[in-house]
Amino acid sequence: MRAFANVHPAVSMTYFLSVLLISMFLPHPILQTEALIGGALFCATLKKRGRAGDIGFYLILFVMIAITNPLFSHNGVTILFFLNGNPMTFEAFLYGISLAGMVVGVLLWCKAYSEIMTSDKFLYLFGKAVPKLSLVLSTALRFIPSYLRMSRQVGRAQKAMGLYAGKSLTDRVKNRMRVLAALVAWSLENAMDTSASMKARGYGKKGRTSFSLFRFRRSDGILLGACIFLLALPIVGAALGVTEFNYYPRVDKIETSFMALVIYTALGLLSLLPFILEVKEAVLWKYYRSKI
Amino acid sequence: MEILQVENLSFRYPKADQNALEKVSFSVQSGEFVVLCGHSGCGKTTLLRLLKKEIAPVGEKSGQILYRGNLRDVQFDAGKVGFVQQNPESQVVTDKVWHELAFGLENMGLPSEVIRRRVGEMASFFGIEGWFRQRTEQLSGGQKQILNLASVMAMQPSLLILDEPTGQLDPIAAADFIAALQKINRELGLTVLLSEHRLEEVFPIADRVIVLENGQVLLSDSPKNIGARLSEISKNHPMLCALPAAVRIWQGVGADLPCPLTVREGRDFLERNYTCRGKALPVPEIPNEAECAIELKNVWFRYEKDLPDVLRGVALKVPRGKIFSVLGGNGAGKTTLLNVMAGLEKAYRGRVSVGGKSIKDCKGSLYRNNLALLPQNPQTVFVKDSVRADLMEILKTMEISENEAKKRINAIADKLGISDLLCRHPYDISGGEQQKCALAKVLLSEPKILLLDEPTKGIDAFAKKNLKKILFELKREGMTVIMVTHDVEFAAECADICAFIFDGEVLCADMPQKFFAENSFYTTAANRMARGLWKNAVTCEQVIECCLEEGEKQ
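Thresholds applied
Residues numbered from 1 in each chain as written. Chains lettered and ligands numbered in written order. Predicted model: local features only at pLDDT ≥ 70, side-chain atom pairs only at ≥ 80, totals over all residues. Heavy atoms only, no water. Domains from an automatic or database assignment. Contact = heavy atoms within 4.5 Å. Buried area = accessible area lost by both parts, 1.4 Å probe. Salt bridge = Lys/Arg side-chain N within 4 Å of Asp/Glu carboxyl O. pLDDT = per-residue confidence, 0-100. Polar contact = N/O pair within 3.5 Å; in protein donor to acceptor, adjacent residues only side chain to side chain. Helix = DSSP H or I, 4+ residues; strand = E, 2+ residues; numbered from the N terminus. Nonpolar A, V, L, I, M, F, W, Y, C, P; charged D, E, K, R; others polar. Buried < 20%, exposed > 50% of the residue type's maximum accessible area, 1.4 Å probe, protein only. Lys, Arg positive; Asp, Glu negative; His and termini not counted.

**Some points on the domain arrangement of chain B**
Residues and elements named next belong to chain B. Domain boundaries in chain B define domain 1 (2-235) and domain 2 (292-533). A C-alpha centroid distance of 32 Å is found between domain 1 and domain 2. With ten residues of domain 1 at the interface, the matching set in domain 2 holds nine residues. Both faces combined, the contact of domain 1 with domain 2 buries some 840 Å², and carbon together with sulfur accounts for 56% of it. Between domain 1 and domain 2 we count zero salt bridges in total.

**Re the confidence of the model for chain B**
Summarising the model, chain B shows a mean pLDDT of 88, and 97% of its residues fall at 70 or more. Across the interface, the model reports ipTM at 0.84; the global pTM reads 0.83.

**Focus: the interface of chain B and chain A**
Tallying the contact residues gives 65 residues for chain B and 49 residues for chain A. Summed over both partners, the interface of chain B with chain A comes to about 5100 Å²; 53% of that surface belongs to carbon and sulfur atoms. Counting every contact that joins chain B to chain A gives eight salt bridges. Taking the shortest distance from any N to any O, the salt bridge between Arg156(A) and Glu345(B) comes out at 2.2 Å. At the junction of chain B with chain A, the criterion picks out 25 residue pairs in polar contact (both at pLDDT 80 or more). Looking at the side of chain B that touches chain A, the elements that each hand over two or more residues are helix H2 (88-91), helix H3 (97-107), helix H4 (112-125), helix H5 (141-153), strand S16 (371-374), helix H12 (387-396) and helix H14 (431-443) of chain B. The dominant element in the side of chain B that touches chain A, judged by the number of residues it contributes, is H3(B), at nine residues. The residue makeup of the side of chain B that touches chain A, split by class, is 26 nonpolar, 20 polar and 19 charged.

**Section: the side chain of Asp510(B)**
Looking at where Asp510(B) falls in the secondary structure, it is placed in strand S20 (residues 505-510). The charged side chain of Asp510(B) is buried without a salt bridge, its nearest counter-charge being Lys514(B) at 4.4 Å.

**A few points about unusual backbone geometry**
In this structure, Pro249(A) follows Tyr248(A) across a cis peptide bond, with omega equal to -10°. Inspection of the secondary structure assignment puts Pro249(A) in the loop between helix H9 (218-240) and helix H10 (258-291). Of note, Glu164(B) is a non-glycine position whose phi angle comes to about 45°, a positive value. In this structure, Glu164(B) sits in the loop between strand S7 (159-163) and helix H6 (171-188). Despite not being glycine, Asp503(B) shows a phi value in the positive range, around 55°. Relative to the assigned elements, Asp503(B) resides in the loop between strand S19 (497-502) and S20. Take Asp503(B): its relative accessible area is 43%, and that puts it in the partly exposed class.

**Re the pattern of salt bridges**
Residues and elements named next belong to chain B. Summed over the entire model, instances satisfying the criterion amount to 30 salt bridges over all chains. The salt bridge partner of glutamate 265 is lysine 224, with a shortest N-O separation of 3.6 Å. Of the two residues, glutamate 265 sits in helix H10 (residues 263-273) while lysine 224 sits in helix H8 (residues 223-233), which places them 41 residues apart along the sequence. Residue classification places glutamate 265 among the partly exposed residues on the basis of a relative accessible area of 30%. For lysine 224, a relative accessible area of 38% corresponds to the partly exposed category. The partner of aspartate 496 in a salt bridge is lysine 475, with the nearest N and O atoms 2.9 Å apart. Taken together, the positions of aspartate 496 in the loop between helix H16 (488-494) and S19 and lysine 475 in helix H15 (residues 461-476) put the pair 21 residues apart, joining distant regions of the chain.

In structure tokens:
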């Protein structure tokens, strides 16, 4: 997962937003399939551990949603059979599958998002809008783990003195309360040192800048351009009604006009983009390796 | 050229009845390495903080502080004077190492490209590249302190002030830190003003030492002369015991020769001037049949199933009524061993018995009147807003009358010398005092076995001496004391038995004299000086004794 994780946060953010928007608001079977496949392939390149279990989870979720829809929705004209006197329709089945595809697709993309958009990238993007916010969040992120560690230490110290070391509920609650009291004093004391350290390094002067390690490279620009272009096509298509697709009362035919084909290709490319980058990188590495 | 000049500086905290600083005058030359030392509470921190305008304490101030001959004014740049505090943990502001390095530069309003270059420069100067993108939370104390130094240095100060920067570090991290300081001073010509209580490493590299006493400058001289001038003032000046081993030995034998500072010079001094007929000091025997207070048999421990073992088959016998010291480096498993003994962690294999009874069988009875642990950070012991309330709290659970409780508190306070601290808030007192108060609280549960985790961390030589006295008294009363420590000198002076732990195993346990005499690196400075001259001389006192008995060379 190196290639896509290393692009500029602004680019990856734009990318995730556009894919998520399309897969949520354009319920078209071809587009959804593309987004789903793209998301699945992307996730597959992300992490090695726990993938088998994940696939099981998504499959079950998919089947559940796909089956649930026809059980409750009886729209559509093509009746397949009756269950407890209720008509099960072909259209409802298809719509269920489409819905399931959308939900699973969005989940997969969200998973990829959380892997790629780490807290520092998020801070970098939105810290610009609210300069103080990024520092506040950064110090909070710093403080929480040390707070937790201190609370563990205090808990142990108290236990080793034999104070409320019992396992009963009252003992435990009392112990928690005492630890909390100690932690308040400790964090105030700590905050004094931290604020001295901040002041000693000139915090509070006017004209503070915000530094980050991210660089906007030429390749990021190209990627961003491609992203926007590929996003624009389906949006234009949606505006013209090309991507409109109805399941009820009868399933529409999938459009195959030139415009539609262009849109399908565009979204296909967009959703496969990270996977393609990943594969390109892997192939390049193989190639360099073989030359060494 | 004088970079800093302090003239007749007096300072008094609000509501205090005496001045914290009294007519302090000194100056620092550009490029000098100056060490400030003195008893804790002598005004070191107050003085250093006054020199840094942004964090100067509030109170009545008179006298002048001149920086390059000018009075500091409002426009004075925060970046010009760098300040590093004692606690590595609380100085780190942000969550990422690179962000911490950039923090001061962001405050100065520098453009991104300049920050990028300076951050890169600092990271490579201090060897931070390897953990540049890490979270600050994952760093060790030593790394955090190096990071604090680097992020101050990134602002390109012309004067660096450090307030006991190695106080919370283990000896190896402390030596690394001092080496980094020396590098800055030598290679960049930066002026360094450092307050320190561990003088062994900084004494030889300092250009000048300033001794502060009761808010006044007692001495200001080169390190070679400090020993002589201190003993001129008083033969038993309390500051003498804080000096490096070589100086203490030199002062102890009362020689009329140039003062040695390092182990090498000290060794040379002893070899040249004293006759060595291979005198061997007697080593007391360990009584074999002594009853065991704590016994570990083949103890294995790991924190999680997938993690490596921290203790691998530890076997250990702690005889009753002795001071037992476990030494070892970082990550050797010292603290884990102590936690296993204290029942805070459970060994997955092997047997731990306390007072002949397996630790598994004494669930409720393990702590009160039996065993107590004083953790590394004494602050974790306090939960109330005064020392007295904290001491009272532990007695409340023991179901004794109010009067009896008061009596016991006064008794323990007298014993540990904390009577005048009882009304104070536990966070308002110094590290050494905090430790004594925490010890008082722990002792009120009337343990027979006392476990101490790094008892000398962050306390000065006087507090150490005091602690030693307390431990001896507890031993006399029949208590068993087990401590884990990095502090070789302290173990050599206090312990009856020393054990060495490495890679999760206890390798050897012996009387300190034998233990240290057989180690060649992991031993006291005094022993390193006297190695090969006299056998079994481990502490400064013992080396002095040998010198005086064997006599000077003709």
